[in-house]
Amino acid sequence: DTAVSQTPKYLVTQMGNDKSIKCEQNLGHDTMYWYKQDSKKFLKIMFSYNNKELIINETVPNRFSPKSPDKAHLNLHINSLELGDSAVYFCASSGDRYEAFFGQGTRLTVV
Amino acid sequence: AQSVTQLGSHVSVSEGALVLLRCNYSSSVPPYLFWYVQYPNQGLQLLLKYTSAATLVKGINGFEAEFKKSETSFHLTKPSAHMRDAAEYFCAVSPHNTDKLIFGTGTRLQVFP
């Protein structure tokens, strides 16, 4: 039974398109995150939500808009995709500060 | 700002040899520190964590790390490498006033037979 699941796993799209990545966790955690891993494997936090409320927004372009319909879901919508958005996006959740559980990642390729 | 530095983007060892992956942190206050492992095409999995308790922390898969305040280090070790340990390893810090993780640049561990 997957703890943090993301869909889709792979996403190939053209520049200028709008796309969404979905994330769901069944761990009962209050906090969810989006992290971006670039081509050099560098991981950086984008957003965090606690109980549907935005807590962290790490100077991410406005084209990225997270949405949390409930505390088990945190979706990421990206408008007007650019080549530089190509990366692996990881969703994660945590119940405290001691451990974050990560999804399998969504590899986004913008062509 | 708090950060972690991982020395060595690639480490290669023979199967059965000692694994040592280095991580140094910068923080005026001892933070929470973590090691995560990423196997190819997978998400990150927590190996171990330091949360101000015992300075020698034991994790999964035979890994351990020692928090040394005097050296601002949190190096990851395993006495005997196995082929299945080949992966990318990330050191991370969690500042005291936030829930986010700040990652190092990662170290790729290769294990040769």
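Quick note: structure is the one above.
Residues numbered from 1 in each chain as written. Chains lettered and ligands numbered in written order. Predicted model: local features only at pLDDT ≥ 70, side-chain atom pairs only at ≥ 80, totals over all residues. Heavy atoms only, no water.

Student: Please clarify how the packing of aromatic side chains should be interpreted in this entry.
Tutor: For any pair of aromatic rings, geometry is given as the distance between the ring centres together with the angle between the planes. Scanning the entire structure with this criterion turns up 14 aromatic pairs over all chains. A centroid spacing of 6.0 Å and a plane angle of 40° characterise the contact between Y33(A) and Y35(A), whose relative ring orientation is tilted. Like Y35(A), Y33(A) is buried. Through a chain of ring-to-ring contacts, three or more aromatic side chains come together here, namely Y33(A), Y35(A), F90(A), F102(A), F34(B), Y36(B), F90(B) and F103(B). (Phe/Tyr/Trp six-rings, centres within 6.5 Å; stacked < 30°, edge-to-face > 60°. Buried < 20%, exposed > 50% of the residue type's maximum accessible area, 1.4 Å probe, protein only.)

Student: I'm lost on the interface of chain A and chain B in this one. Help?
Tutor: When the parts of a complex come together, some accessible area is lost, and that lost area is often used as the size of the interface. Residue-level contacts link 20 residues of chain A with 24 residues of chain B. Between chain A and chain B the total buried area reaches about 2,000 Å² when both faces are included, carbon and sulfur atoms providing 52% of it. At the junction of chain A with chain B, the criterion picks out one salt bridge. Between E58(A) and K100(B) there is a salt bridge; the shortest N-O distance is 2.9 Å. (Contact = heavy atoms within 4.5 Å. Buried area = accessible area lost by both parts, 1.4 Å probe. Salt bridge = Lys/Arg side-chain N within 4 Å of Asp/Glu carboxyl O.)

Student: I'm lost on the environment of A65(B) in this one. Help?
Tutor: Residue and element names in this part refer to chain B. Position of A65 among the secondary structure elements: in strand β7 (residues 64–68). According to the relative accessible area criterion, A65 is buried, its value standing at 1%. In the structure, A65 is positioned 31 residues away from F34 in sequence and 9.3 Å away in space, judged by C-alpha atoms. Among all residues touching A65, those that are not within four sequence positions of it are W35, L48, T55, L56, V57, F74, H75 and L76. (Helix = DSSP H or I, 4+ residues; strand = E, 2+ residues; numbered from the N terminus.)

Student: Explain the sheet that holds strand β3 (residues 19–26) of chain B to me, please; I cannot follow it from the model alone.
Tutor: Strands in a sheet are paired, the pairing made by backbone hydrogen bonds, and the direction either parallel or antiparallel. All names here are of chain B. Ordered in space as β1-β3-β8-β7-β6, the five strands form an open sheet in which the pairing is antiparallel. Sheet topology places β1 (3–7) and β6 (56–58) at the edges, where each strand pairs with a single neighbour. Looking at each pair of strands side by side, their axes are set apart by 20° on average, direction ignored. Pairing of β7 with strand β8 (residues 73–78), which is carried by five bridges, proceeds in the antiparallel orientation. Bridged to E66 within β8 is H75. (Pairing = 2+ DSSP bridges. Axes fitted to C-alpha atoms, helices over the stretch in contact; angles between N-to-C directions.)

Student: Mind showing me how you'd approach the pairing of β1(B) here?
Tutor: Each regular strand displays side chains that alternate between the two surfaces of the sheet. All names here are of chain B. By the alternation rule, side chains of β1 split into V4 and Q6, which are all buried, and S3, T5 and L7, of which none is buried. Summarising the sheet, β1 and β3 pair through five bridges and their orientation is antiparallel. Note on β3: the bridge partner recorded for L7 is R22.

Student: Where do I start with the state of the cysteines in this structure?
Tutor: By definition, a disulfide links the sulfur atoms of two cysteines through a covalent bond. All names here are of chain A. Counting across every chain of the model gives two disulfides over all chains. Two residues share a disulfide in this structure: C23 and C91, whose sulfurs sit 1.8 Å from each other. Disulfide C23-C91: the torsion about the S-S bond is -80°, which places it as left-handed. In this pair, C23 is assigned in strand β3 (residues 19–25) and C91 in strand β9 (residues 87–94), connecting sequence segments 68 residues apart. For C23, a relative accessible area of 1% corresponds to the buried category. (Disulfide = S-S within 2.5 Å.)

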